[in-house]
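Below, each chain spelled out in residue letters.
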Amino acid sequence: MDRNDKNYKRTLIGKRIAKELKDGDWCNLGIGLPTEVANHIPEGTSVFFQTENGMMGVGPAPAQGEEDKDLINAGGGFITAIPGACYFDSCISFGIIRGGHLDMTVLGGLQVDEQGNLANWMIPGKMVPGMGGAMDLVTGAKKVVVAMEHTDKHGNAKLLKNCCLPLTAKEKVNLIVTDMAVIEIKDKRMHLIEIAEGLTVDDVIKATEPELVLPKEIKYFSI
Amino acid sequence: MDRNDKNYKRTLIGKRIAKELKDGDWCNLGIGLPTEVANHIPEGTSVFFQTENGMMGVGPAPAQGEEDKDLINAGGGFITAIPGACYFDSCISFGIIRGGHLDMTVLGGLQVDEQGNLANWMIPGKMVPGMGGAMDLVTGAKKVVVAMEHTDKHGNAKLLKNCCLPLTAKEKVNLIVTDMAVIEIKDKRMHLIEIAEGLTVDDVIKATEPELVLPKEIKYFSI
Amino acid sequence: MPQIIDAKTAASLIKENERIMFGSFLAVGCAETIIDEIVKLGTKDLHLICIASDYEDRGVGKLLSKKQFKSAQVSHLGTNKAIQDQYNNGEIQVEMIPQGTLMERIRAKGAGLGGVLTPTGLGTVVEEGKDVLTIDGNQFILEKPISADWAIIKAEKADKMGNLVYSKTARNSNPVMATAAEKVIVEVSEIVEIGDINPEDVVTPGIFIDYIIKA
Amino acid sequence: MPQIIDAKTAASLIKENERIMFGSFLAVGCAETIIDEIVKLGTKDLHLICIASDYEDRGVGKLLSKKQFKSAQVSHLGTNKAIQDQYNNGEIQVEMIPQGTLMERIRAKGAGLGGVLTPTGLGTVVEEGKDVLTIDGNQFILEKPISADWAIIKAEKADKMGNLVYSKTARNSNPVMATAAEKVIVEVSEIVEIGDINPEDVVTPGIFIDYIIKA
């Protein structure tokens, strides 16, 4: 195993977040890294995935040649519908999101801070693709989980005292899962919950800007 | 013909209002007197009736024994659905109403005044049944027509300078059709458009509180 | 995933002083079986949210006849002498709400909005005591969301995921109420297997439903 | 009752400087045939209201590639280099709107409401220049309704009264846009006779539709 391998990190993060889901939960996965979560739902656990363009009950990608032009997810990729799926318009879809009906949403992140602020949609000076549905998702879901690498490609911390990039939403993040640690945000502090197997608490502290509230006993998560 | 006969008045008013409807119009008829309008739609004219409890395309009452317990109008009476009808929830139904999508609504009235104010839901000191959907209908429809007798049972005017009963909506009435006259409200004046055959302009003036703007030429309507 | 329970159990979940939305329009589209069980239990001091007060022997009117509500938010109560008498005697507190506004206030709660900006009721008693906002030269009343502990609704059919379809005008306020309460109980005429309802035809997605009763 | 016309005629109704809502989510559920005709006509200085900017060769992206829009209200434009370039050069004015807020602002117009009170965007750039209301201790941004001269939408099937059904996720913003424009044009794969769509299955009632195009 190569700790710096993209696929390794992706699997590690996706698998750990999947453990946050309970049987019968309704969940929205952002595009990119968060979609990995769907690959690790434990056997015997039913979790229903929404796609905000108007469907509950997203199934796995179709086999090649079986794509339906009218059946895509929020990232534009072809999907399938599981039995019990249903379609609705975008207004109802965001009613579900904003109204607090989703048990969990998982999104990528550029920066998260101690207040639970998330920045993940805009880098000043760069092309701004738009927030799409991200602001609504982070504002509305019962539990907001950020899936991201612990540091940027230059090794800079992404878990900060204060986000400096434009925010996606204020004080809404509940949990951060990275390739190094699982961190809960509570009472405007970052609480270290678990660290990736093979790392030390010190490794995580060094890669994180704010002071971490440490657990009584260190727990580990692995691939 | 007995000018004081309830059925005569009802037919006279309903028939005259039906002439306001154009082919393809979408319309909501209040309970009571306004429902008479549906009986006088000219041959060859298609008018589609909404019932605000959640349906477009109301058809005639069912034959006895053919009632469907799930198919009623806003007055609680059994109805049928015409081909091309559709069902929707109450929220969408009032979106249609408030959003200005109905060409016309016809309601009963206790009082109407020069400003186009309508009072039709509440008599202080008496039991208040509630406004139901009336306030939304009068506020939202493109054209608001009031169907009522010209005077109350004591002969008092119901077309007033200022309503004294609690209002249903402010400055929204476009047309009043009574057993005596057709009166348009424009620029906060009552404009006499037509009078019932057999009556004189003077009869209408005497039964109406505000000064009427008279037409250049008197037109008549009849049963 | 919703639980399938019986009407008696459903009724026992409802406690005194709770706020309940009942889907119904003049007793059409109403969970009569659950209501009968709440009548039997005699649960008191409930708060009613419903389009109208139905009839003395049908719909929410059955609960009104037994004086089980201490307060109500409705748009119409002209069809039920029981509530009229209690209203006149001061035994029940009633907020009378235009029907479209009532629906939209419930929707606002369900969709996570802070209120409704509506022209309905301007210049009438409905406006009294409320903020009126001027937006681009037009006036709107600020109406607040309506929430509830329970929504008790009626649908025609549910699959075991809670996806619902309705029957004709029995749809009425049921879909919007399903979005706005802490917990939602649906009474259906038929429970079908997952996959037996066409995904295009689902009116209320199962995510909104907590309990299903077959009656 | 809607008129049945062809795509070319539909395109010719659209005039310079008009505001157009296009149903589409990444070119799924998009009236491609009508768009092709507007591309051919080259109508300029249009205002775009759409969830996203689609792709350079699909959906509303085809009009963007031809620089037919002078301004846009969208939630995302990351999939289309044409609009990104025009945006960076200042050739197009873009208001970036959270997707749920965009939908709700359109719905507000369609439902006759004065605006939307949403928590989405609080504490972000979205809040800038807008009124923030405190209602029962919580903050909400007041977002104004979005209207248009035209909605150009895509449905699967229409009956001749304009009742519509959609296909899967191609439903997206189409039903809400159908409620909010002065005139609504729908492109469908099939036109059926009145009565051929089950009244329970209608998603968009025909009252909202002005023109039907079979493509």
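These figures come from a predicted structure and were not determined experimentally.

Procedures and definitions
- Residues numbered from 1 in each chain as written.
- Chains lettered and ligands numbered in written order.
- Predicted model: local features only at pLDDT ≥ 70, side-chain atom pairs only at ≥ 80, totals over all residues.
- Heavy atoms only, no water.
- Helix = DSSP H or I, 4+ residues; strand = E, 2+ residues; numbered from the N terminus.
- Rg over C-alpha atoms; globule rule 2.2 N^0.38 Å.
- Buried < 20%, exposed > 50% of the residue type's maximum accessible area, 1.4 Å probe, protein only.
- Contact = heavy atoms within 4.5 Å.
- Areas by Shrake-Rupley, 256 points an atom, 1.4 Å probe, with all protein chains shown as cover.
- Lys, Arg positive; Asp, Glu negative; His and termini not counted.
- Charge placed at Lys NZ, Arg CZ, Asp CG, Glu CD.
- Pairing = 2+ DSSP bridges.
- Core = buried A, V, L, I, M, F, W, Y, C linked by side-chain atoms within 4.5 Å.
- Buried area = accessible area lost by both parts, 1.4 Å probe.
- Salt bridge = Lys/Arg side-chain N within 4 Å of Asp/Glu carboxyl O.
- Polar contact = N/O pair within 3.5 Å; in protein donor to acceptor, adjacent residues only side chain to side chain.
- Nonpolar A, V, L, I, M, F, W, Y, C, P; charged D, E, K, R; others polar.

Per the secondary structure count, chain C includes 6 helices and 12 strands. For 215 residues, the compact-globule estimate of 2.2 N^0.38 gives 17 Å, and chain C sits close to it at 17 Å. Considered along the principal axes of its C-alpha atoms, chain C spans approximately 50 × 40 × 25 Å. Counting over 215 residues, chain C shows a buried share of 64%. Excluding contacts between residues fewer than 6 apart, the proportion of contacts in chain C whose partners are at least 24 apart in sequence is 72%. For chain C, the computed accessible surface area is about 7,300 Å², with 43% contributed by carbon and sulfur atoms. Distance between charge centres in chain C, computed from 23 positive and 30 negative side chains, equals 4 Å.

Right, let's talk about the environment of B:Gly44 for a bit. Relative to the elements of secondary structure, B:Gly44 occurs in the loop between strand 1 (26–29) and strand 2 (48–51). Residue classification places B:Gly44 among the exposed positions, given a relative accessible area of 71%.

This next bit is on the sheet that holds strand 9 (residues 159–160) of chain A. Residues and elements named next belong to chain A. Pairing is mixed across the open sheet formed by 3 strands, whose spatial order is 7-6-9. Each edge of the open sheet is held by one strand with a lone partner, namely strand 7 (118–119) and strand 9. Pairing of strand 6 (residues 111–113) with strand 7, which is carried by 2 bridges, proceeds in the antiparallel orientation. Looking at strand 7, one finds that Gln111 is bridged to Ala119.

We now examine the nonpolar core. Grouped together as the largest cluster of nonpolar side chains are 102 residues, with contacts concentrated most on C:Ile106 and C:Ile153. Not counting residues within four places of it along the chain, the set of residues in contact with C:Ile106 comprises C:Met21, C:Ile49, C:Ile146, C:Val176, C:Met177, C:Thr179 and C:Ala180. Within the second largest apolar cluster, 101 residues are counted, among which are B:Val138, B:Ala141, D:Ile49 and D:Ala151.

Another point: the interface of chain B and chain D. Contact residues are listed per partner, giving 17 residues for chain B and 19 residues for chain D. Around 1,500 Å² of area is buried between chain B and chain D when both sides are counted, 68% of it from carbon and sulfur atoms. The largest share of the area that chain B buries against chain D comes from B:Trp26, B:Tyr87 and B:His101, three residues that together contribute 33% of it. Our enumeration of links across chain B and chain D arrives at 0 salt bridges. For the pair chain B and chain D, the number of links is 5 residue pairs in polar contact (both at pLDDT 80 or more). Residue assignment for the side of chain B that touches chain D shows that the elements contributing at least two residues are strand 4 (80–87) and helix 2 (90–98) of chain B. Tallying contributions element by element places strand 4 of chain B first for the side of chain B that touches chain D, with 5 residues. By residue class, the composition of the side of chain B that touches chain D is 11 nonpolar, 5 polar and 1 charged.

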